[in-house]
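# Fold and contact review
The chain contents come next:
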Amino acid sequence: METISIILLFITFFGLLAYGVPVAYSIGISTTLTLLLNIAFMPAITTACQRMTTGIDNFALLAIPFFILAGEVMNRGGIANRLIAFAKSLIGSLPGGMLYVNTLAAMLFGAISGSAIAAASAIGSTLTEKMAKDGYPRDFSAAVNITSSTTGLLIPPSNVFIIFALASGGTASVAALFIAGYIPGLLVGASIMFMIYLYGKRKGLPMGERVSMKQLFIDFKSAILSLSLLFIVVGGIVGGIFTATEAAAIAVVYAVILGFVNRELKLKDFKSILLTSAKTTAIVMFLICTSMAMSWLFSFESIPQMFTDFLIESVKNPFLVLLVINITLLVVGTFMDMTPAVLIFTPIFLPVVMALGMHPVQFGMVMVLNLCIGICTPPVGTLLFVGSGVAKVPVTKVIKKLMPILGVMTIVLLIITYVPAISLWLPRFFGLIE
Amino acid sequence: MQKTYTFLSKSIENILVAIFGLLVIDVVWQVASRYIIGQSSSFTEEFARFSLIWLAVLGAAYINGQKEGHLSMDFLVTKLPPKKQVARKKYIQLFMILFALVVMIIGGGNLVYITLKLGQTSPALHIPLGYVYAIVPVSGLLIIFFCIHRILENEE
Amino acid sequence: SEIKDKKVLYFAHSLPITHPVHKGILAFQESLNEKSEGKLQLKIFPDAQLGSERETLELLQIGSVAMTKVSAASMSSFAPEYEVLGIPYLFKDSEHLFNVLEGDIGKELLAAGSEYLLRGICFYDAGSRSFYAKERAIQTPSDLKGMKIRVMNDKMSVDMVNTLGGSATPMAYGELYTALQQKVVDGAENNIPSFVTSNHYEICKYYTFDEHSMIPDVVVMSSTFWKTLSETEKKWVQDAANESVVKEKQYWKETVEENMKVLEEANVQFIYPDKTLFSNQADALTKTLMQDPKKKAMIERIRAVGAN
Ligand code: NA
Ligand code: NA
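Residues numbered from 1 in each chain as written. Chains lettered and ligands numbered in written order. Predicted model: local features only at pLDDT ≥ 70, side-chain atom pairs only at ≥ 80, totals over all residues. Heavy atoms only, no water.

### Observations regarding the coordination of the sodium ion (ligand 1)
Listed as protein donors to the sodium ion (ligand 1) are Gly110 of chain A (O), Ala111 of chain A (O), Gly152 of chain A (O), Ile155 of chain A (O) and Pro157 of chain A (O); their distances from the metal cover 2.2 to 3.0 Å. Spacing between the donor residues of the sodium ion (ligand 1) along the chain follows G-A-x40-G-x2-I-x1-P. (Donors = N, O, S within 2.8 Å, 3.2 Å for Na, K, Ca; no water.)

See below:
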């Protein structure tokens, strides 16, 4: 029975997905069909509906709309410009300086806003013309902008970790995941900078301008208010002052106050800000709704148990199991967006890696970084399309320059997969995990 | 049809903005009261959780009525010849209508019926759980309306 | 060999497999398998795999899950009759409790659930619940002042903690570990086996034996499934359940003894307070409840059982 269920579930799901049915609906329809195979009609459809609603009946999930809202409030302000100016006076003087500036600014903006798309479009659109004029190749600049924007998903706060915590069934706490994200995020940023250095050595890049200490101080001052959000949010969570949800609410208040202080926000803007955020929230939350129904079906059919038995029995070597999981996720990442991929594959793979002794927090890092690569690859690469769009270069040209950078990100991924300390040292240091 | 569409979209927009606004005030108040009064109330948490359900499900219906729509992997659809693309988009709407009808309206309606008839109430606010779930069949109806609207729009 | 026409009942609950109540359920499973010669089987889903207690009860009403084990406190949001079991200091000791649960009142309560499609099968011992805290020892009710105490998601638990002077914070059981760690709450209240299997003792080093309530666990079957069973099958279920009750009480006792050793080794400080300080303060809540004539009658009946 279970085998038939798995086959029906995955065939209908991937079939509907390929047909063009929205992901949330593909998940919902395939789940309902599989439930009907096991339960009578009325209880089956009512259960599907109950799981959809109770799946998001969770106070921890409220952090998602709030971080989205805080990000939206900040997007309306001139934060991108302030962060770019700060990054420029910090590292702009290196050869190929503007590429480092792009990387650092995208990391900072991504860290604050928690959205890779927002980072790529805000930073990319501000820098792109100036860089092209200075002689930076558009395609390579776009590749740098795209990949460095993914770091915001690893560096806290990050909604994808909240979703991972939910999908992990509470085995990984949001606070631990947030703290654990720093080192992988910084490693990815550093590896991108290394690739810029190599590229510059081979091709030659324009020299940067040196700035005075005074200018650095001025730029730092104008960026500090935005940057301090990171300390308030993350410090508050780690210090046990408030939960991730409360931190997200505080981030909203802080962003609003900052918007007024900087005179970039007006009262009449609020309706459109709330509506835009509500739309983003609804898309993510509806995906979570149907995914939670699917994940209930997984438990009902003992599917994770079957995967665990199968992978561990047939592959045996733990090293290879982790490799198989990573390759599967890389393939999944090419055609699936991050949120549905995390929601669907966490319940399946987490029990496998936990059986091998991997900490759920470490698997969170592996999964998110793996799917960060996925959002940069075609055919479904939201970040790739946004990044190419703002840089005004064809996607195909960007892909060529992306490949080496994605290659080095894959190396970082493997290091994170096989070296637990990179993910676990910081949360252990702060006493967030044993 | 167009008039109803505009009316419904605008009304849902206002409701979503109102729910989101209340949600922010509610949780900010919860945090503040924990630090200022030293007491947190179970009402604010329950209200927030239920509002999130409404925001998500009603918002999902609203997205069905918007051009950008829900997230989909349409890279195979865009490879089809234009005429076939139009037909394909119509069938995709039919799948969503089917889901909204079976799961959200019939299943959701049954869930509302069961929870109201058997009288389950929420622990803090003491409101019938049926009211919370009621947003599902309502959104199901809205989704069907928006899908039909989309089909007719594409045929023009 | 494959048994023809075998029925499998899905049984979901939210406790970990190390918990004595889970062992009781395993005894139920084994006994049912023996009695029915494999024709009626249980498939057990522990650890809230199929949802929280509230959600699972709803799934029983919907008819997709056959059985569950929940705290009687969770039942009270569905079947208000169960609310009385949560009244603080209502039962003198576990003998009194089980005289009530295994007598007429218990039978009435189990039957009362049918009106809500939730047929009670049997009660399991869940010991007595006491406070535990992270940063300070609770000696008297006044120590509870200003402390945020996690309670179960039902009205009685909220009122009980608030009456005793604390600040009740209802929260899902699964979220509690992190909440304690992050000081979102200062403490909680539960029985010894739950305190240990949840690993809360790693964080909270003060356990106060004030024993404010003795809320039992209850095994429930969806009325939809109950109706599909033949008279013989119903008897198998009921007999197997009754046998498991005896075993569960034994497991509970053994586990508490083992757990106390674990707690001692973990340097948890036990506080044995003057319980009358707590029960006197809790009287205010009982008095309020007794303004309802129905509840008053039930409370008096329960007290009368104790006199036997
Ligand atoms: Na971030
Ligand atoms: Na991709």
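Read on for the rest.
### Digging into the interface of chain B and chain C
Contact with chain B, which involves 16 residues of that partner, is made by 19 residues of chain C. Regarding the contact of chain B and chain C, the summed buried area is about 1,500 Å², with carbon and sulfur atoms giving 51% of it. Sorting the residues of chain B by area buried against chain C places Leu118, Gln120 and Pro123 of chain B first, and these three jointly supply 37% of that buried surface. Across the chain B-chain C interface, the total number found is zero salt bridges. Across the contact surface, chain B and chain C share four residue pairs in polar contact (both at pLDDT 80 or more). It is helix 3 (residues 82-117) of chain B that provides the largest number of residues to the side of chain B that touches chain C, a total of three residues. For the side of chain B that touches chain C, the per-class residue count stands at six nonpolar, eight polar and two charged. (Contact = heavy atoms within 4.5 Å. Buried area = accessible area lost by both parts, 1.4 Å probe. Salt bridge = Lys/Arg side-chain N within 4 Å of Asp/Glu carboxyl O. Polar contact = N/O pair within 3.5 Å; in protein donor to acceptor, adjacent residues only side chain to side chain. Helix = DSSP H or I, 4+ residues; strand = E, 2+ residues; numbered from the N terminus. Nonpolar A, V, L, I, M, F, W, Y, C, P; charged D, E, K, R; others polar.)

### Considerations on the sheet that holds strand 3 (residues 67-71) of chain C
Residue and element names in this part refer to chain C. Strand order in the open sheet made by the five strands is 2-1-3-10-4, with mixed pairing throughout. The sheet terminates laterally at strand 2 (40-45) and strand 4 (118-124), the two strands that pair on one side only. Each strand axis lies, on average, 25 degrees off the axis of its neighbour in the sheet, ignoring direction. Note that strand 1 (residues 7-13) and strand 2 share six bridges and pair parallel. Residue pairing in the sheet places Ala12 in a bridge with Phe45 of strand 2. (Pairing = 2+ DSSP bridges. Axes fitted to C-alpha atoms, helices over the stretch in contact; angles between N-to-C directions.)

### Regarding the UniProt feature "domain: TRAP C4-dicarboxylate transport system permease DctM subunit" (unreviewed entry) in chain A
Per the UniProt record, the feature "domain: TRAP C4-dicarboxylate transport system permease DctM subunit" (unreviewed entry) sits at residues 10-422 of chain A. Helix makes up 80% of residues 10-422 of chain A and strand 0%, and the two end C-alpha atoms of the span are 34 Å apart. (UniProt positions renumbered as here; feature names shortened; annotations may be inferred.)

### Notes on the coordination of the sodium ion (ligand 2)
Residues and elements named next belong to chain A. Within the protein, the sodium ion (ligand 2) binds to Gly333 (O), Thr334 (O), Gly374 (O), Thr377 (O), Thr377 (OG1) and Val380 (O); these donor distances fall in the range 2.2 to 2.7 Å. Around the sodium ion (ligand 2), the six donor atoms are arranged such that angles at the metal cover 71 to 167 degrees; this shape is classified as irregular. On the primary sequence, the residues serving as donors to the sodium ion (ligand 2) are separated as G-T-x39-G-x2-T-x2-V. Taken together, the residues span a long stretch of sequence, with Thr334 in helix 17 (residues 318-335) and Thr377 in the loop between helix 19 (360-374) and helix 20 (382-391) at a distance of 43 residues. (Tetrahedral: all angles 85-135°; square planar, octahedral: opposite > 155°, others 65-115°.)

### Let's talk about the sheet that holds strand 8 (residues 187-190) of chain C
Residue and element names in this part refer to chain C. An order of 7-6-8-5-9-11 is seen for the six strands of this open sheet, with the pairing classed as mixed. Strands with a single pairing partner mark the edges of an open sheet, and in this sheet they are strand 7 (167-170) and strand 11 (269-271). Shown here is a sheet whose adjacent strand axes are inclined to one another by a mean of 30 degrees, direction ignored. Pairing geometry for strand 5 (residues 129-133) and strand 9 (residues 206-213), over four bridges, is antiparallel.

### Things to note about the nonpolar core
One broad trend across soluble globular proteins is that nonpolar side chains are buried collectively. If you look at the biggest cluster of nonpolar residues, it comprises 286 residues, and the most contacted ones within it are Phe66, Ile288 and Phe363 of chain A together with Tyr82 of chain C. Looking at which element gives the most residues to this core, the answer is helix 15 (residues 270-300) of chain A, with 18 residues. Inspection of this core shows a minimum of three residues originating in each of domain 1 (1-55) and domain 2 (58-294 + 302-429) of chain A. Residues contacting Ile288 of chain A, with those up to four places away along its chain left out, are Ile56, Leu61, Ile64, Ile163, Leu166 and Leu343 of chain A. In terms of nonpolar packing, the next biggest core, distinct from the first, is built from 26 residues, Leu15, Ala126, Met221 and Trp236 of chain C among them. (Core = buried A, V, L, I, M, F, W, Y, C linked by side-chain atoms within 4.5 Å. Buried < 20%, exposed > 50% of the residue type's maximum accessible area, 1.4 Å probe, protein only. Domains from an automatic or database assignment.)

### Considering the interface of chain B and chain A
If you look at the interface, chain B gives 54 residues, while chain A gives 57 residues. Counting each side, the surface lost to burial between chain B and chain A is near 5,100 Å², with a carbon and sulfur contribution of 80%. When the area that chain B buries against chain A is broken down by residue, the three leading residues are Phe20, Leu71 and Met73 of chain B, summing to 15%. In this structure, Lys279 of chain A and Glu68 of chain B form a salt bridge, with 4.0 Å as the shortest nitrogen-oxygen distance. Linking chain B with chain A are six residue pairs in polar contact (both at pLDDT 80 or more). Considering only residue class, the side of chain B that touches chain A consists of 36 nonpolar, twelve polar and six charged.

### Thoughts on unusual backbone geometry
A cis amide bond, omega -5 degrees, links Pro156 of chain A with the succeeding residue Pro157 of chain A. Mapped onto the elements, Pro157 of chain A comes out in the loop between helix 9 (151-154) and helix 10 (159-167). Of note, the bond from Pro378 of chain A into Pro379 of chain A is cis; its omega dihedral lies within 30 degrees of zero at 0 degrees. Mapped onto the fold, Pro379 of chain A is located in the loop between helix 19 and helix 20. The phi dihedral of Glu211 of chain C is positive, around 45 degrees, even though this residue is not glycine.

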